[in-house]
Amino acid sequence: MLLGAINFCTQTKSVWILVGKILAVFKIVIPILVIIFGMIDLGKAVVASKDDEIKKAAKSLMMRCIAGVVIFFIPTIVGFAFSLADGFNEDGDFTVCQTCITKGAC
């Protein structure tokens, strides 16, 4: 094992806490933005009464919803990656990274 990687997560705990807090903010802000922009786009399309614009706005809303759902899976993917990396580490240091990112605090 590399000497510098022994306590990597413990030494960089503040960075992982910041990343966890940013992800928590994204989990709140992105669904709100998806709803607001979706209402605006669909409202404009319905007022214009053009079928092509309504279909385009609905497709845009669907893509935004998919992007919003992906944001919720980022902590799960990160947790899975750190659990895989922790299997190769006898110190169990990567659980510190996983906890900090998924909970926003250690």
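None of these values were measured; they are calculated from a predicted model.

> Account for the overall build of the protein, with residues named and values stated.
Helices and strands together make up the secondary structure of the protein, namely four helices and zero strands. When the helices and strands of the protein are listed from N to C terminus, the series reads α-α-α-α. Across the 106 residues of the protein, 20% fall into the buried class. In the protein, 61% of the contacts between residues at least 6 apart in sequence involve partners at least 24 apart. Looking at the protein as shown, the accessible area adds up to about 7400 Å², and 73% of this sits on carbon and sulfur atoms.

> So what's going on with the nonpolar core? Residues and values would help.
Residues Cys9, Trp16, Ile17, Leu23, Phe82, Cys97, Cys100 and Ile101 constitute the largest nonpolar core, which totals eight residues. For this core, the secondary-structure elements that each account for two or more residues are helix H2 (13-48) and helix H4 (94-103).

> Residue-level account of a nonpolar patch on the surface, with values.
Side chains of Leu18, Ile22, Val25, Phe26, Ile28, Val29, Ile32, Leu33, Ile36, Phe37 and Ile40 sit close together on the surface and give an oily, nonpolar patch of about 950 Å² of accessible area. Within the secondary structure layout, valine 29 lies in helix H2.

> Tell me about unusual backbone geometry, and please be specific about residues and values.
The backbone of serine 49 sits at a positive phi, close to 60°, despite the residue not being glycine. If you trace the backbone, serine 49 turns up in the loop between H2 and helix H3 (51-87). For serine 49, a relative accessible area of 59% puts it in the exposed group.

Cut-offs used in this document
Residues numbered from 1 in each chain as written. Predicted model: local features only at pLDDT ≥ 70, side-chain atom pairs only at ≥ 80, totals over all residues. Heavy atoms only, no water. Helix = DSSP H or I, 4+ residues; strand = E, 2+ residues; numbered from the N terminus. Buried < 20%, exposed > 50% of the residue type's maximum accessible area, 1.4 Å probe, protein only. Contact = heavy atoms within 4.5 Å. Areas by Shrake-Rupley, 256 points an atom, 1.4 Å probe, with all protein chains shown as cover. Core = buried A, V, L, I, M, F, W, Y, C linked by side-chain atoms within 4.5 Å. Patch = residues over 30% accessible without salt bridge, like charges linked within 9 Å, V, L, I, M, F, W, Y side chains within 5 Å. Salt bridge = Lys/Arg side-chain N within 4 Å of Asp/Glu carboxyl O.

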